Amino acid sequence: MASTPDVLERVSRTRGRVAARKRVVTIALALAALLAFCLSLSVGDFTISILRVLPAVFGAGERGEVFVVQSLRLPRALLSVLVGAAFGMSGAVFQSLARNPLASPDILGITAGGSLTAVMGLTLLGLSGLPLSLAATAGALITAGLIYTFAYRRGMSSYRLVLVGIGVGAVATALTQFFWTRAHAHDAASVALWLSGSLNGRGWENIEPVVLMLLVLIPGTLALGKQLNVLELGDDSATAVGVPVQRARLVLLIAGVALAGAGIGAAGPVAFVAFVSAPVARRLSRSPGPALLPAALTGSVLVCVADLIGRTALSSSEVSVGVITGIAGAPYLLWLLATTNSSGQGD
């Protein structure tokens, strides 16, 4: 029988290997996000060598290349990275809090709630920029509060949370369609493009709101990562080590909702990015826990690549980034539902 020091040394070595792999995966994902970002700046109707892209970002190189990169492609590429990070980290927070792979903002209906208030702001008040992002965040927070209220019954069942979220999301989607059909023709066309999850026509004015929100939300959420790790062990274990369970869960829930709201306000409800990013990041890092930073980087890669495909797949027109991510994410959802059902999982 192994002695206590041997066991502790073995555990320490295992933790060290897991932490090292997580660092390597995080660096690899960051490099992948940088590569996708550079490709997004390089590829288009006017192709620029990828070696000249980064100098053009800082104003060096031929005048035409600098104009194309800085004025036409850079805002959209930056926004794809930021939106992907917001959705990816939001999905990681929700799935860890609920301990359920189905508990992402788009499945739970939180994205639908944020879309509802954003569409109301677009069609009724003509909002844009930071006010639109705040409206989407407010709608997502209200929807999350309703879902939590309806799903709470002397405790929180993740299975009931998903079912209630689907129901609330369906109501929010129906109301969104109502306001959409009542809008003027010009506004209705804008809403249709926005609801598909699109980065088309985004400029520097769309960057500032999401940057301001993420500068607060991403560091704050990462700082709460240790509490999220403990909460995954269950309420009793978290209480035993001194974590204020209800307060920590509430703060993390607000952070996850606000991250989703920031993404919705900037690009609309980009499908399945929040749903897919965290599982992919955890599978790559092979580590327990929410993997917040790897999930954010995975989301950035997904949105940036999907937007690049949407821009270049058809020569005659663009395909919204949400359409591409929906096509890619739907098979994963079907696979997850099939395997979950066959194994009898669910609370």
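Note that the structure is a prediction, hence the values are computed from the model and not measured.

1. Remarks on the side chain of Thr 143
Then, in step 1: Tracing the backbone through its elements, the reader meets Thr 143 in helix 6 (residues 129–151).
Then, in step 2: On the basis of relative accessible area, Thr 143 is assigned to the buried category, the value being 7%.
Then, in step 3: Residues in contact with Thr 143, not counting those within four places in the same chain, are Gly 109, Ile 110, Gly 113 and Val 168.

2. Describing the packing of aromatic side chains
Then, in step 1: Per the stated rule, a full pass over the model turns up four aromatic pairs.
Then, in step 2: Aromatic side chains Phe 272 and Phe 275 sit 5.9 Å apart centroid to centroid with 55 degrees between the ring planes, which places their arrangement in the tilted category. Like Phe 272, the residue Phe 275 is buried in the burial classification.
Then, in step 3: Through a chain of ring-to-ring contacts, three or more aromatic side chains come together here, namely Phe 272, Phe 275, Tyr 332 and Trp 335.

3. Re the environment of Glu 62
Then, in step 1: Of note, Glu 62 is situated in the loop between helix 2 (53–57) and helix 3 (63–98).
Then, in step 2: For Glu 62, a relative accessible area of 52% gives the class exposed.
Then, in step 3: C-alpha separation for the pair Glu 62 and Ala 92, spaced 30 residues apart in sequence, amounts to 42 Å.

4. Considerations on the nonpolar core
Within soluble globular proteins, side chains that are nonpolar tend to cluster in buried spots.
Then, in step 1: Of all hydrophobic cores here, the largest spans 74 residues; its most connected members are Ile 110 and Phe 275.
Then, in step 2: Every residue in contact with Ile 110, bar those within four places of it in the chain, is listed here: Phe 94, Pro 105, Ala 140, Thr 143, Ala 144, Ile 147, Val 257 and Ile 264.
Then, in step 3: In this structure, Phe 37, Leu 41, Ile 48 and Ala 56 belong to the second largest nonpolar core, which totals twelve residues.

Basis of the calculations
Residues numbered from 1 in each chain as written. Predicted model: local features only at pLDDT ≥ 70, side-chain atom pairs only at ≥ 80, totals over all residues. Heavy atoms only, no water. Helix = DSSP H or I, 4+ residues; strand = E, 2+ residues; numbered from the N terminus. Buried < 20%, exposed > 50% of the residue type's maximum accessible area, 1.4 Å probe, protein only. Contact = heavy atoms within 4.5 Å. Phe/Tyr/Trp six-rings, centres within 6.5 Å; stacked < 30°, edge-to-face > 60°. Core = buried A, V, L, I, M, F, W, Y, C linked by side-chain atoms within 4.5 Å.

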